[in-house]
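# Per-entry structural report
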Amino acid sequence: MGALTAPCVPRAQLRRRGAASPSNEAQQGTGGSRPGRLLGLRSSYSAGSPGRMGKKIKKEVEPPPKDVFDPLMIESKKAATVVLMLRSPEEEILAKACEAIYKFALKGEENKATLLELGAVEPLTKLLTHEDKIVRRNATMIFGILASNNDVKKLLRELDVMNSVIAQLAPEEEVVIHEFASLCLANMSAEYTSKVQIFEHGGLEPLIRLLSSPDPDVKKNSMECIYNLVQDFQCRTTLQELNAIPPILELLKSEYPVIQLLALKTLGVITNDKESRTMLRDNQGLDHLIKILETKELNDLHIEALAVIANCLEDMDTMVQIQQTGGLKKLLSFAENSTIPDIQKNAAKAITKAAYDPENRKLFHEQEVEKCLVALLGSENDGTKIAASQAISAMCENSGSKDFFNNQGIPQLIQLLKSDNEEVREAAALALANLTTCNPANANAAAEADGIDPLINVLSSKRDGAIANAATVLTNMAMQEPLRLNIQNHDIMHAIISPLRSANTVVQSKAALAVAATACDVEARTELRNSGGLEPLVELLRSKNDEVRKHASWAVMVCAGDELTANELCRLGALDILEEVNLSGTRRNKFSEAAYNKLLNNNLSLKYSQTGYLSSSNIINDGFYDYGRINPGTKLLPLKELCLQEPSDLRAVLLINSKSDVSPPSSMEDKSDVGYGRSISSSSSLRRSSKEKTKKNSYHFSAGFGSPIEDKSEPASGRNTVVSKSATKEKGWRKGRGKKEEEKVKEEEEVMVVPKFVGEGSSDKEWCPPSDPDFSMYVYEVTKSILPITNIKEQIEVLAKYVAEKMGGKITKEKIPDFSWELHISELKFQLKSNVIPIGHVKKGIFYHRALLFKALADRIGIGCSLVRGEYGRAWNEVMLQNESRKGVIGGLPAPEVYVVDLMFHPGGLMKLRSREADLYRFL
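These remarks concern the structure in this document. None of the values given here were measured: they were computed from a predicted structure. (Residues numbered from 1 in each chain as written. Predicted model: local features only at pLDDT ≥ 70, side-chain atom pairs only at ≥ 80, totals over all residues. Heavy atoms only, no water.)

## Topic: helix α10 (residues 175-188)
- The end-to-end C-alpha distance of α10, which contains 14 residues, comes to 20 Å, matching closely the 20 Å that a straight helix rising 1.5 Å per residue would cover.
- Of all 14 residues that make up α10, 13 are buried, and the element is covered over most of its length. (Helix = DSSP H or I, 4+ residues; strand = E, 2+ residues; numbered from the N terminus. Expected span 1.5 Å × (residues − 1). Buried < 20%, exposed > 50% of the residue type's maximum accessible area, 1.4 Å probe, protein only.)

Written as structure tokens, this is what we have:
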């Protein structure tokens, strides 16, 4: 704080020497002026010679009274001795002791520490309120010097001397006292606790008054103390009430640079508040600031002046005033033409702060600020490039500015993405992110400027902000299919994996959103899956951050668009995580629900068990099984494990499987001893392996059983799955032990080509889902007889009668108790040695059997219908039919309505569904 203790000198001398010179007054004595600087502590004294004390001398003068101590002249070379003198009751001793201590303290920090150790501080604090003016002044001067020591500051706070120091700022006190008292406060105010004490003891008001002092040192010290105090919001509020703006502005005219600089710094802090900006504007403060910018000799103040202007430009009224007076144009010209990088940088920052206001952006656009910012992008200084990029980001909210940067600005920003400076790359990516958001033209311009490669390279940056911004730009570009294909060709799926694994939630969110935007086709999803990108994506579903969880759910929903990727997502636990998220009232969102439903659409068995509903778009394929209702959070066992279980009293599992080209393994020779895919001799071992496999795969996705190639070759509708009666007989389960050798060879060959589950090991080659030759025949018959019918309503009626016929025929409500379907199902369990029953084996079925068979067959021949599970074993099918008696509003077509298909009481009958609960109660 050496510069703070020295008085100010004219500007020319300050620039030449670079610091304030020592005060001339400091070389004077204590007779009303400051003590001089000496090299040691020294007090002179003289005393009579001891030898002359007893000799009688002729009385020339009247001797002093016996009770008066003769004057003693003392010379001391020890600081400790002088510290002891501070406790003297004599004003002259105190004044001289203070003078010596002041000189000693001036010599350096070590001497200040010595005085602290000697206990000089506490007696000196008492002298601040001494009656003698010289003593009080000298003590104040000592504290002005000592207060730069941190340990002294701490002790002064404990001794609570702030009130005494502030009292020295009274108008009636000498200028010297003002100088050193304000210097003490300036030193103390560097720490928060002292700021509070100064403010609470009312120190702000006298400090503001001293800004008008004739002494430049007093001004400088007071200004510095105020600058430290206004870092606190409460002090700034009080400063406005005390009308401090005018005297601070007056200091801008000072001939001393340090005073001007402190005044500008203080204005830079207080103008963060709107009220202070208003006061500055009302006192023509902007004129002072613009004049400083226009004066080349004041270039050392330009940076701070720009900081104040930046705050003022946030206020719309101030912005209008500076624009009307021509100051805004001068500011932009000044920024563009300046050769000083820091000035350009601060000018760009001023534009950035002001551009957050819509009206300010409009005024900037009218003044063609975009040209200035593009010019600043070409600066050689990285700080200027960063500030210009940030200003462009702020200006992007103005549509006119966005259009301007389409041809000028975007190519330069793309070049900045290649910079070695990570901060430059981050700022450029931010500008591009804002420019391309909701602006396809700018997204195209970024691609045309060869921006895809640099953007993907930024994804491996060390700065999280750069990664997040680059991911945003790529997401914006991927909204257009040609650009998305171009991005995919640049290996985006591999590059996005690292951001997905980031610990930063913003990066995670933007990376997941980029996946959702770019993984819109099978090739991209395959690349993401093969690159290992699904695993970190699934982990993001567990995030506690709402934005991350939402975007990750969105990406999972997109990736679940093909079966293989959906299977892999389920294997990684995405379905379980989403189910858990959706059970939470605070964590679930629309995207998590949509992603869960999308995954369920690739596992209709689980969907029907959990939701009790399959829509007309949910096509039942081979391998679907109806386990019955399960509660949310309950695991649905895979079909293989269900097939390997022993029969029990649990509800029968209904299986849909029209693949009749599957034969049992050659080792299965006797049906009486054989269940689905297991013999008596091997059932226990298979069960063990099944349990071990279940532990490894807590969830098994079993929507289909063929390999990817076979699934693609087989039509979804299943209409070509036609089997002759003879083929059905040959490929059914065989009875007895006698088999021809040729049949055994044929069975062994067929077992070898049975497709295995995805992710299953070699042990699964011995297991395949049970075939259903009867259901295969059903598919063949309805395809041949019902598909040619052109009227959809007639198709539904014929199919309903067909299903009812295969499931026991028409049954009245009164005869349902006598239908004995439960006994029939139990017999099938015993016969098949399993709880899993292929639907074709069921010859006596009620509501839920018939509804499932109707849905499975309707899907094969293209009849759109839903499957709805009700209570107490009820289930039904709903179809959409056009009501010929009513005309719709679109194209004059009949309005579609929902009907329920009767499969029990009047097979083929249709009931219009108005009130679901009431109508279904009567119907079922």
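## Here we look at the packing of aromatic side chains
- One pass over the structure, following the stated rule, counts seven aromatic pairs.
- Pairing Tyr102 with Phe180 gives two aromatic rings, centres 6.0 Å apart and planes at 85°, and the pair type is edge-to-face. Here the residue Tyr102 occupies a position in helix α4 (residues 91-106), and Phe180 occupies one in helix α10, the gap between them amounting to 78 residues. In this structure, Tyr102 and Phe180 share a single accessibility class: buried.
- Each ring, one from Tyr608 and one from Phe624, has its centre 6.4 Å from the other, and the planes form 45°; the classification is tilted. With Tyr608 in helix α42 (residues 604-611) and Phe624 in the loop between β1 (613-614) and β2 (625-626), the pair connects residues that are 16 residues apart, well separated along the chain.
- Residue Tyr608 is classed as buried on the basis of its relative accessible area of 2%.
- A cation sits over an aromatic face here: Lys833 above Phe830, 5.9 Å from the ring centre.
- Looking at Arg869, its charged tip hangs above the ring of Tyr608, at a distance of 4.0 Å from the centre. (Phe/Tyr/Trp six-rings, centres within 6.5 Å; stacked < 30°, edge-to-face > 60°. Lys NZ or Arg CZ within 6 Å of the ring centre and 35° of its normal.)

## Describing the nonpolar core
- Membership of the largest hydrophobic core comes to 202 residues, with the highest contact counts inside it found for Phe364 and Leu599.
- Counting 51 residues, the second largest nonpolar core, distinct from the first, contains Leu614, Trp821, Ala856 and Leu903. (Core = buried A, V, L, I, M, F, W, Y, C linked by side-chain atoms within 4.5 Å.)

## Quick notes on the side chain of Arg425
- As for its position among the elements, Arg425 is in helix α28 (residues 422-436).
- Overall, Arg425 belongs to the buried group, its relative accessible area being 13%.
- The contact partners of Arg425, leaving out residues within four places of it in the chain, are Leu416, Leu417, Ser419, Asn457 and Val458. (Contact = heavy atoms within 4.5 Å.)

## With respect to the pairing of strand β7 (residues 865-869)
- Most of β7 is tucked away: five of the five residues are buried.
- The alternating pattern of β7 places Cys865, Leu867 and Arg869 on one face and Ser866 and Val868 on the opposite face, and all of these are buried.
- As paired elements, β1 and β7 share two bridges and run antiparallel to each other. The residue bridging Leu614 from the neighbouring strand is Leu867, located in β7. (Pairing = 2+ DSSP bridges.)

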